[in-house]
Amino acid sequence: MKWKRSERLVDMTRHLLESPHELIPLTFFSERYKSAKSSISEDLTIIKETFEEKGTGELKTVTGAAGGVKFIPKMADSEVEEVISLLMKELGHSDRLLPGGYLFMADLLGNPRIMDRVGKVFASRFSDMDIDVIMTVATKGIPIAHSIARHLNVPVVIVRRDSKVTEGSTVSINYVSGSTRRIQTMVLSKRSMKSGQRVLITDDFMKAGGTMAGMKNLLEEFGCELAGTAVLVEAGHHEEVLVDDYLSLVKLRAVNEKDRTIELSKGNYFEKGGK
């Protein structure tokens, strides 16, 4: 059965959206739809123009014998602004305030639609950084890590506080918590990463950056390279931050536990090379 153009466009769009950063040969589409490569190229031009016009992403063409097309998810600055505004609105409610200056965020982290948008925001920024792996610490950073990984089409590795028998041989390090100044432990399976991989580390909340610094040190034990750091919410404070370079969406500037007030502002996303 030969596909109609309208049917091809719908199915090609679905396939591209489900396979970000994957090089797909034109022969794959040509054989799938039993159509000439010239027709496939025309279809891809239509999809490319629509993706770019609507801010969905880019459709890159790779020439040569091993060439094809690759969909790169992107998010326009205006849509990033919408995501940040949504997060600030949701996080600004006084009933989210927890002892110690923390915010209750479990409902947001468990919302797949919000997390998908957050993941695309970060994936859009790191799309040209050749990321191989997303790393986070159990447990609250896991939804963010998987959302970013979905749009970059890379695996996730999860650092734990203690060793699990199901993970086999592990590498462990001690690190100093940036906020409590206590010595804590990080553990990761030796099979999780390979030497030389470029890793994006992420977490839901960062105070002084002790956890991020610990993950960075753990990367060195594996011979891996830190490619970037993504944080959903950073705490604004005057104490020294242990991480030099990171990307955040929201900044928690101040809290007043007595008056139950929360002061938020945009993170540094646009200050770090965005709009």
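Anything mentioned here points back to the structure above.
Keep in mind the model is a prediction, meaning the values are calculated, not measured.

A. Representation of the pattern of salt bridges within the structure. For the structure on display, the rule yields 13 salt bridges. For the salt bridge of arginine 14 with aspartate 11, the shortest nitrogen-to-oxygen distance reads 3.2 Å. Taken together, the positions of arginine 14 and aspartate 11, both in helix 1 (residues 5–18) and three residues apart, correspond to about one turn of that helix. Assessed through its relative accessible area of 35%, arginine 14 is described here as partly exposed. Where arginine 96 meets aspartate 107, a salt bridge forms, and the shortest distance between an N and an O atom there is 2.7 Å. Taken together, the residues span a long stretch of sequence, with arginine 96 in the loop between helix 4 (77–91) and strand 3 (97–98) and aspartate 107 in helix 5 (residues 106–109) at a distance of eleven residues.

B. Representation of the packing of helix 4 against helix 6 (residues 112–125) within the structure. At a minimum axis distance of 10 Å, the contact between helix 4 and helix 6 shows a crossing angle of 135°. Viewed along their axes, helix 4 and helix 6 adopt a mutual orientation that is oblique. Regarding helix 4 and helix 6, the two cross each other, and that crossing is left-handed. Facing helix 4, whose interface residues are Glu79, Val80, Glu82, Val83, Leu86 and Leu87, helix 6 presents Ile114, Arg117, Val118 and Val121. Looking at the contact of helix 4 with helix 6 residue by residue, the classes come out as seven nonpolar, no polar and three charged.

C. Highlighting the side chain of aspartate 11. Taking relative accessible area as the criterion, aspartate 11 reaches 11% and is therefore assigned buried. Contact partners of aspartate 11, with chain neighbours within four places excluded, come to Trp3, Arg32 and Tyr33.

D. Molecular detail of the pairing of strand 1 (residues 57–62). Relative to strand 2 (residues 68–73), strand 1 runs antiparallel, the two sharing six bridges. For leucine 59, the partnering residue across the bridge sits in strand 2 and is phenylalanine 71. Count of turn residues in the strand 1/strand 2 antiparallel hairpin: five residues, of which glycine 64 carries a positive phi of about 105°.

E. Representation of helix 1 within the structure. The terminal C-alpha atoms of helix 1 lie 20 Å apart, and with 14 residues this matches the ideal 20 Å at 1.5 Å per residue to within 8%. Within helix 1, burial applies to Arg8, Leu9, Asp11, Met12, His15 and Leu16. For helix 1, the secondary structure elements touched by its buried residues are helix 2 (26–33), helix 3 (37–54), strand 1 and strand 2.

F. Molecular detail of the packing of helix 6 against helix 7 (residues 142–152). Close contact between helix 6 and helix 7 brings their axes to 8 Å; oriented N to C, the two are set at 60°. Compared by their axis directions, helix 6 and helix 7 come out oblique. Crossing of helix 6 against helix 7: the hand is right-handed. Side by side, helix 6 and helix 7 meet where Met115, Asp116, Val118, Gly119, Lys120, Phe122 and Ala123 of the first sit next to Pro143, Ile144, Ser147, Ile148, His151 and Leu152 of the second. For the contact of helix 6 with helix 7, the residue count by class is eight nonpolar, three polar and two charged.

G. Spotlight on the packing of aromatic side chains. Tallied over the entire structure, the rule returns six aromatic pairs. Here the aromatic rings of phenylalanine 28 and phenylalanine 29 are separated by 5.4 Å at their centres, their planes lie at 70°, and the arrangement is edge-to-face. Classification of phenylalanine 28 by relative accessible area gives partly exposed; the value is 31%. Given a relative accessible area of 0%, phenylalanine 29 falls into the buried group. Summarising the aromatic geometry, the rings of phenylalanine 51 and phenylalanine 71 are spaced 5.0 Å apart at their centres and angled 55° between planes, so their arrangement reads as tilted. Taken together, the residues span a long stretch of sequence, with phenylalanine 51 in helix 3 and phenylalanine 71 in strand 2 at a distance of 20 residues. By the ring-pair criterion, three or more aromatic residues cluster together here, those being Trp3, Phe28, Phe29 and Tyr33.

H. Local environment of the nonpolar core. Core analysis: the biggest nonpolar cluster contains 41 residues, and Leu87, Val118, Ile134, Leu232 and Leu249 have the highest contact counts within it. Contributions of two or more residues to this core are made by helix 4, helix 5, helix 6, helix 7, strand 9 (198–206), strand 10 (225–235), strand 11 (247–256) and strand 12 (261–266). Examining the composition of this core, we find that six residues originate from one element, helix 6, more than from any other. When near neighbours in sequence (up to four residues on either side) are disregarded, valine 118 contacts Val83, Leu87, Ile144, Leu232 and Leu249.

Criteria and cut-off values
- Residues numbered from 1 in each chain as written.
- Predicted model: local features only at pLDDT ≥ 70, side-chain atom pairs only at ≥ 80, totals over all residues.
- Heavy atoms only, no water.
- Salt bridge = Lys/Arg side-chain N within 4 Å of Asp/Glu carboxyl O.
- Helix = DSSP H or I, 4+ residues; strand = E, 2+ residues; numbered from the N terminus.
- Buried < 20%, exposed > 50% of the residue type's maximum accessible area, 1.4 Å probe, protein only.
- Axes fitted to C-alpha atoms, helices over the stretch in contact; angles between N-to-C directions.
- Parallel < 35°, antiparallel > 145°, perpendicular 65-115°, else oblique.
- Left-handed = near helix turned anticlockwise from the far one by under 90°.
- Contact = heavy atoms within 4.5 Å.
- Nonpolar A, V, L, I, M, F, W, Y, C, P; charged D, E, K, R; others polar.
- Pairing = 2+ DSSP bridges.
- Expected span 1.5 Å × (residues − 1).
- Phe/Tyr/Trp six-rings, centres within 6.5 Å; stacked < 30°, edge-to-face > 60°.
- Core = buried A, V, L, I, M, F, W, Y, C linked by side-chain atoms within 4.5 Å.

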